[in-house]
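So you can see what is in the structure, the chains are spelled out below.
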Amino acid sequence: MNFETGIALGAALGVVVTLLLRWIRDRRTVEGAAGRARELIRGAEQEAENLRKAAELAAKDEALTKKEAMEAERAARTAELRDEKTRLLRKEEGLDRKAETLERREDDVAKAGADARSEAAELRSREKELDALFAGYGRKVERLAGITVEDARALVMDEAGVEAEAEAERVFVRRVERAKREAESRARDIVVTAIQRVAVDHCAESTVSVLELPGNEMKGRIIGREGRNIRAFEKATGVDVVIDDTPGVVSLSAFDPVRRETAFRALTRLVQDGRIHPARIEDVVEEVRGEVEEFVFASGEDALAELDLHGVHPNLVTLLGRLRFRTSYGQNVLRHVVECAHLAGLIAAELSLDPKLAKRCALLHDIGKAVSHEVEGGHVEVAVELARRLGEPPEVVNAIAAHHEDTEATSHYGVITQIVDAISSARPGARRETLERYLKRMRELEEVATSFPGVKNAYAIHAGREVRVIVNPQMVSDPEASRLSREIARAVEDRLTVPSEVKVTVLRETRAVDYAR
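What you see is a predicted model; the values in this text were computed from it and never measured.

Visitor: What's the story with the sheet that holds strand β1 (residues 208-212) in this structure? I'm lost.
Guide: Working definition: the strands of a sheet are paired by backbone hydrogen bonds and lie parallel or antiparallel to each other. Spatially, the three strands line up as an open sheet ordered β1-β3-β2, and their pairing is antiparallel. The open sheet has two edge strands, β1 and β2 (240-242), and neither has a second partner. Direction aside, neighbouring strands of the sheet carry axes that sit 25° apart on average. Taken strand by strand, helix α5 (residues 257-273) contacts β1 and β3 (249-253), and its axis lies near 10° from that of β1.

So, in structure tokens, the structure goes:
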């Protein structure tokens, strides 16, 4: 054997040994894996057995629990059925007792019916006897009294009717008085609360403005050479300049208060400047006219700011400012409408209404007086057309139309406007009235009161706010006196125009006089 063959055999033997060792190792690995697999299988089988036993125990416990619940439910149902049976037995016993009671009552009713029939028969017989006796007595009474039953019945009915009418009148008077007390109390609270919070200055305008001059020589400068200055001033302003013997003053007369104010300011400025001639007069008057227009608009804005109102059309603001120069019975119209607006806001707040809308209605109700001399129609119609055209709310338009009661008020704001207009116009010192008109109104009130039958005298007192009526007690009874006061009040409303509420008081007095001799 050579060397190479030995090496080859050694190599082959090494390979065989390596393969044998690997086979042994792999076999041991397989045997180990098989052992572990058998252990895992035995563990899984043991766990499955444990789970099966646990499931069986759980199923037995659940079955036992359900069985106990069913037993308890059956026991409860059995007890319930037993109680129901007991109640039914008791109810049956009660029904039996009621049936017995009803039977006894039926017997009693039957007996009572028999007794009632016998009593009814007895009563009918007695009634016949009484009718016969009454007829006999009636004939005797007729012979003794000399009056038939029908006449007596009519007499009684007449007396009952008079008494019923008197009682109805007394009830009516009591209810009216109670309603008046309640209404007056509530109205007094609201109105007094509103009035006591409104305090405005009051002024009376006239148609003449008086300007004081620094000296009498200024009158000649105002007149000018051959009167050219005064003619130019009157033409530019549209007012009459009155220069008389009164020292140190010049009078400006005009029915238009805006023109009169423009002329007063212009003449004041000319006198202070000292340069008075036709050209200067025209320049100053034109300049002052623009200032007055701005002053008018500012007066309207001040009134709106005082009332905290916004969103009023500029044309209406200008017209409000012009009311500053208008008066009605001596009452400044702008202050009148502002006062009305304050009162309306307070009354609306007391009544849980919108105070701003109430103020707006009251502020604009006399806006037509600013233009009523420039267009056709009364101030109410003019104001309604202006408010509608300038986009005022329907409540405002209706309040303007209804504030003199020419149109029916369709909202609470219209009624409030009527109330505050009457309050502001009728309160003491608000308006001036001539003596002749005052006396005429007093006579008319007394004439209306004395025109009713049974009235002896009538006296208008408290500046025409109350009429005292004295009646003949033989002709007018107490219930009729109450009715007479209402009729006189209605007649005053229908026949006369009064500035405020008129109280009618009817006095009835019976005097008994005798002499001891």
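Visitor: Which parts of the structure should I look at to understand the sheet that holds strand β6 (residues 455-461)?
Guide: Taken in spatial order, the three strands of this open sheet run β6-β7-β8, and their pairing is mixed. Strands at the two margins of the open sheet, each flanked by one partner only, are β6 and β8 (503-507). Strand-to-strand twist of the sheet, defined as the mean angle between neighbouring strand axes without regard to direction, takes the value 20°. Running at roughly 150° to β8, helix α14 (residues 478-495) makes contact with β6, β7 (466-471) and β8 of the sheet.

Visitor: I would appreciate a short explanation of empty space enclosed by the protein in the present structure.
Guide: The gaps of empty space that remain are located by a probe, the size of a water molecule, rolled over the atoms. Counting across every chain of the model gives one cavity of 30 Å³ or more. Approximately 40 Å³ is the volume found for the largest cavity. Considering the residues around the largest cavity, the lining is formed by Ile222, Asn229, Ile230, Phe233, Val241, Leu267, Leu270, Ile276 and Ile281. Broken down by secondary-structure element, the contributors of at least two residues to the lining of the largest cavity are α4 (228-237) and α5. It is α4 that provides the largest number of residues to the lining of the largest cavity, a total of three residues.

Visitor: What exactly am I supposed to notice about helix α11 (residues 394-402) here?
Guide: Residue pairs three or four apart in sequence face the same way in an α-helix, which turns once every 3.6 residues. Of all nine residues in α11, seven are buried; the element is thus mostly enclosed. Along α11, the residues classified as buried are Val396, Val397, Asn398, Ala399, Ile400, Ala401 and Ala402.

Visitor: I would appreciate a short explanation of the environment of Glu293 in the present structure.
Guide: Positionally, Glu293 belongs in helix α6 (residues 278-307). Glu293 gets classed as exposed once you look at its relative accessible area, which sits at 53%. Remark: the alpha-carbon pair of Glu293 and Thr318, spanning 25 residues in sequence, is separated by 8.2 Å.

Visitor: What exactly am I supposed to notice about the pattern of salt bridges here?
Guide: Pairs can form between side chains of opposite charge whenever their charged atoms are close. In this structure the tally under the stated criterion is 22 salt bridges. Arg335 serves as the salt-bridge partner of Glu306, at 3.6 Å between the closest nitrogen and oxygen. Note that Glu306 is positioned in helix α6 and Arg335 in helix α8 (residues 333-350), a separation of 29 residues in sequence. Of the residues examined, Glu306 reaches a relative accessible area of 39% and is grouped as partly exposed. Salt bridges linked by common partners bring Glu49, Arg52 and Glu56 together as one network.

Visitor: Got a minute to help me understand a nonpolar patch on the surface in this structure?
Guide: A contiguous nonpolar patch, built from Leu13, Val17, Leu20, Leu21, Trp23 and Ile24 and spanning about 590 Å² of accessible area, is present on the exposed surface. You can see Val17 is positioned in helix α1 (residues 3-145). Under the relative-accessibility criterion, Val17 is labelled partly exposed at 39%.

Cut-offs used in this document
Residues numbered from 1 in each chain as written. Predicted model: local features only at pLDDT ≥ 70, side-chain atom pairs only at ≥ 80, totals over all residues. Heavy atoms only, no water. Pairing = 2+ DSSP bridges. Helix = DSSP H or I, 4+ residues; strand = E, 2+ residues; numbered from the N terminus. Axes fitted to C-alpha atoms, helices over the stretch in contact; angles between N-to-C directions. Contact = heavy atoms within 4.5 Å. 1 Å grid on protein atoms, 1.4 Å probe; cavity = no way out; pocket = protein on both sides within 12 Å on 5 of 7 lines; lining within 4 Å. Points joined across faces, edges and corners; volume = space filled by probe spheres on them. Buried < 20%, exposed > 50% of the residue type's maximum accessible area, 1.4 Å probe, protein only. Salt bridge = Lys/Arg side-chain N within 4 Å of Asp/Glu carboxyl O. Patch = residues over 30% accessible without salt bridge, like charges linked within 9 Å, V, L, I, M, F, W, Y side chains within 5 Å. Areas by Shrake-Rupley, 256 points an atom, 1.4 Å probe, with all protein chains shown as cover.

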